[in-house]
Amino acid sequence: AQWAFDRDPPFTVVSYQTAPAKPGGVLVLDAVVNRDLHRECYVDLSNSIIDAIGVRWDWGTTQTVTPQGIRELDSKTPGRLIRKIQLPPGMSPGPASLLSSMTYRCNPLHDVARPISVDARFDFVVLN
């Protein structure tokens, strides 16, 4: 029964910084995050970018990260999420957002019923 109450997100974004980047260039995201490393959570990650005129660009493929992979990442950059993202060459200049959707499974009930969904949005600027 305690599994049903296991609903706290195992990942939260505290703050982040980005630097403007050109279409086709590299966006650097540097975020301060909290990861709950005490739970055995698997996560499926997918990302997309929305440009200034509302075009959605899917970025990469959906990835699954194991609890050990999450701990390994945190050991390399404790409490930080640092990503370098190759922007599509055809992006429109102006304000844009990286949308990251995460689906966590931290106990057997999450596998069959309701996983924990976490969405993060990182705003940045695409230069001319």
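In this report, we go over the structure that sits alongside the text.

**Some words on the nonpolar core**
Taken as a class, soluble globular proteins show a tendency for nonpolar side chains to be buried jointly.
Okay, so step 1: Tyr104 and Phe124 are the most contacted members of the largest nonpolar core, which totals 25 residues.
Okay, so step 2: Contributing elements (two or more residues each) for this core: β2 (26–35), β3 (42–50), β5 (80–86), β6 (94–105) and β7 (116–126).
Okay, so step 3: By residue number, the principal contributor to this core is β7, which donates 6 residues.
Okay, so step 4: In contact with Phe124, other than residues within four places in its own chain, are Thr18, Leu27, Ile49, Leu87, Met91, Gly94, Pro95, Ala96, Ser97 and Leu98.

**Here's the deal with the state of the cysteines**
Okay, so step 1: Per the stated rule, a full pass over the model turns up 1 disulfide.
Okay, so step 2: Paired by a disulfide, Cys41 and Cys106 hold their sulfur atoms 2.0 Å apart. Looking down the S-S bond of the Cys41 and Cys106 bridge, the torsion is 110 degrees, so its handedness is right-handed. Here Cys106 lies in the loop between β6 and α2 (108–112) and Cys41 lies in the loop between β2 and β3, a separation of 65 residues in the sequence.
Okay, so step 3: Of the residues examined, Cys106 reaches a relative accessible area of 12% and is grouped as buried.

**A closer look at the side chain of Asp6**
Okay, so step 1: Here Asp6 is to be found in the segment before β1 (11–18).
Okay, so step 2: Of the residues examined, Asp6 reaches a relative accessible area of 18% and is grouped as buried.
Okay, so step 3: Among the polar contacts made by the side chain of Asp6, one reaches the side chain of Arg39 at a distance of 2.4 Å.
Okay, so step 4: Not counting the four nearest positions on each side in its chain, Asp6 is found in contact with Arg39, Cys106, Asn107, His110 and Ile116.

**Digging into a nonpolar patch on the surface**
Okay, so step 1: Where nonpolar side chains cluster on the molecular surface, the patch consists of Trp3, Leu109 and Val112 and spans about 310 Å² of accessible area.
Okay, so step 2: Looking at the element boundaries, Trp3 is found in the segment before β1.
Okay, so step 3: When its relative accessible area of 43% is taken as the criterion, Trp3 is described as partly exposed.

**Looking at the sheet that holds β5**
Two strands in a sheet stick together by hydrogen bonds in their backbones, pointing the same way (parallel) or opposite ways (antiparallel).
Okay, so step 1: The 3 strands are arranged β1-β2-β5 in an open sheet whose pairing can be described as antiparallel. Pairing within the sheet leaves two strands with one partner each, and these edge strands are β1 and β5. Recorded for the sheet is a direction-independent mean angle of 30 degrees between the axes of neighbouring strands.
Okay, so step 2: Here β2 runs beside β5; their pairing, made up of 7 bridges, is antiparallel. Across the sheet, Val32 pairs through a bridge with Arg80, a residue of β5.

About the cut-offs
Residues numbered from 1 in each chain as written. Predicted model: local features only at pLDDT ≥ 70, side-chain atom pairs only at ≥ 80, totals over all residues. Heavy atoms only, no water. Core = buried A, V, L, I, M, F, W, Y, C linked by side-chain atoms within 4.5 Å. Buried < 20%, exposed > 50% of the residue type's maximum accessible area, 1.4 Å probe, protein only. Helix = DSSP H or I, 4+ residues; strand = E, 2+ residues; numbered from the N terminus. Contact = heavy atoms within 4.5 Å. Disulfide = S-S within 2.5 Å. Polar contact = N/O pair within 3.5 Å; in protein donor to acceptor, adjacent residues only side chain to side chain. Patch = residues over 30% accessible without salt bridge, like charges linked within 9 Å, V, L, I, M, F, W, Y side chains within 5 Å. Areas by Shrake-Rupley, 256 points an atom, 1.4 Å probe, with all protein chains shown as cover. Salt bridge = Lys/Arg side-chain N within 4 Å of Asp/Glu carboxyl O. Pairing = 2+ DSSP bridges. Axes fitted to C-alpha atoms, helices over the stretch in contact; angles between N-to-C directions.

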